[in-house]
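Fold and geometry: a report
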Protein chains: 2
Amino acid sequence: MVAKNKQGKRIFLQNEDCPIRNVVAQIGDKWSILILFCLVEGPDRFNSLKSRIEGISQRMLTQTLRDMERDGYVERTVYPEVPVKVEYELTALGKGLAKSVWGLVSWAETNHEEIRKSRQSYDQNSQG
Amino acid sequence: MVAKNKQGKRIFLQNEDCPIRNVVAQIGDKWSILILFCLVEGPDRFNSLKSRIEGISQRMLTQTLRDMERDGYVERTVYPEVPVKVEYELTALGKGLAKSVWGLVSWAETNHEEIRKSRQSYDQNSQG
DNA sequence: CGGTATCCTTCGAGATACTG
DNA sequence: CAGTATCTCGAAGGATACCG
């Protein structure tokens, strides 16, 4: 499962060994980047994240944090207080990811309006 | 629908006006980036792309190309020969996107192995 | 050659209820 | 507080057949 250039040379994989699929597809989900950028500011707790990211369900916050922990982007620390307190913090890997995603995000912010206009004009022309 | 920092300041939207969701979520799908990088090398035809991107179905190639055309990343040109020839080519916007995605992709390639190891160790520890 | 149209399965993700 | 367990629904995407 590979993509090739015109000379037939493999350019990258798309299976489970593919860096793109393993990184981009993972953080391309609905919530990962939002969580990533919340945690860039510093460690935060479960319910604080939940309230900062409007619209996320408890289930998806838990699941996305677990996936990010599994990938090594996030470290989870439990403080055995009563009631229990759990903090999530970016690892060095997570900070590196955030930094490298930032270029794409700022490009998106810069070009968002042009993209929106392109969609509008495309949708208008395909009405007739 | 916004994410906020700890002071309650909005940091970005997650609804239809959100640059991140509108760009990252779109190209975070299963095929967009693969197509994007195939077209970075130059214009290409439908069936050529189909054979270069192993595993993609005709349906998904069409659909993803249409979405990319709608966003303004790709320009579609029909040559009324017999049989018909259709070429897809990156626009300036598409080239800009490719360039800004490249940073993330190369980060992914660099750190892919570390991520893989993190997953392995996470999965081992959660077995017991 | 370059598509559409249709069917069908899988998976992401919201809602809700319960727990240490 | 910080989760887990189910249920459910809609969208994503593969397979297949047909078309200009």
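Residues numbered from 1 in each chain as written. Chains lettered and ligands numbered in written order. Predicted model: local features only at pLDDT ≥ 70, side-chain atom pairs only at ≥ 80, totals over all residues. Heavy atoms only, no water.

Remarks on unusual backbone geometry
Note on backbone geometry: most residues besides glycine have negative phi, and most peptide bonds are trans. Basically, it comes down to this: Helix and strand assignments follow DSSP, with helices taken as H or I runs no shorter than four residues and strands as E runs no shorter than two, numbered in order from the N terminus.
Backbone torsion omega between A:V82 and A:P83 reads 0 degrees, so that peptide bond is classified as cis. Counting through the fold element by element, A:P83 comes out in the loop between strand 4 (74-79) and strand 5 (85-90).

A look at the relation of the copies chain B and chain A
Worth spelling out the cut-off: C-alpha atoms of residues with pLDDT of at least 70 in both copies form the basis for the least-squares superposition of the copies. Here, residues are in contact when the closest pair of their heavy atoms is within 4.5 Å.
Structural alignment of chain B on chain A gives an RMSD of 0.0 Å, achieved by rotating through 180 degrees and translating 0.0 Å along the axis. On the angle and the small slide along the axis, the relation comes out as a two-fold axis. Taking C-alpha positions as the reference, the residue of chain B nearest the rotation axis is B:G28, at 2.3 Å. A shared binding surface is used by both copies, with 100% of the interface residues of chain B retained as interface residues in chain A.

A look at the sheet that holds strand 3 (residues 44-45) of chain A
In a beta sheet, neighbouring strands are held together by backbone hydrogen bonds and run either parallel or antiparallel to one another. All names here are of chain A. What counts, and what does not: Two strands are counted as paired when DSSP detects at least two bridges linking them. Between N-to-C directions, angles cover 0 to 180 degrees, with each direction set by a line fitted to C-alpha atoms, over the stretch in contact for helices.
Taken in spatial order, the three strands make up an open sheet running 3-5-4, and their pairing is antiparallel. The open sheet is flanked by strand 3 and strand 4, the only strands paired with a single partner. The sheet contacts of helix 2 (residues 32-40) involve strand 3, strand 4 and strand 5, and relative to strand 5 the element is tilted by about 95 degrees.

Let's talk about the interface of chain B and chain A
Definition in use: Buried area adds together the accessible area that both of two parts lose upon being put together, with accessible area traced by a 1.4 Å probe. For this analysis, a salt bridge means a side-chain nitrogen from Lys or Arg found within 4 Å of a carboxyl oxygen belonging to Asp or Glu. Any N or O atom pair separated by 3.5 Å or less is treated as a polar contact, with the protein-specific requirement of one donor-capable and one acceptor-capable atom, and with residues adjacent in sequence counted only for side-chain atom pairs. For this classification, Asp, Glu, Lys and Arg are treated as charged, while Ala, Val, Leu, Ile, Met, Phe, Trp, Tyr, Cys and Pro are nonpolar and the rest, including Gly, are polar.
Contacts between the two partners involve 62 residues from chain B and, on the opposite side, 62 residues from chain A. Summed over both partners, the interface of chain B with chain A comes to about 5600 Å²; 61% of that surface belongs to carbon and sulfur atoms. Among the residues of chain B in contact with chain A, B:R70, B:L104 and B:R119 are the three that bury the most area, contributing 13% of the side total. Linking chain B with chain A are four salt bridges. A salt bridge links B:R119 to A:D71, with the nearest nitrogen and oxygen atoms 2.5 Å apart. Joining chain B to chain A, the criterion identifies 14 residue pairs in polar contact (both at pLDDT 80 or more). Per-class residue counts for the side of chain B that touches chain A are 29 nonpolar, 14 polar and 19 charged.

Geometry only, nothing functional implied.
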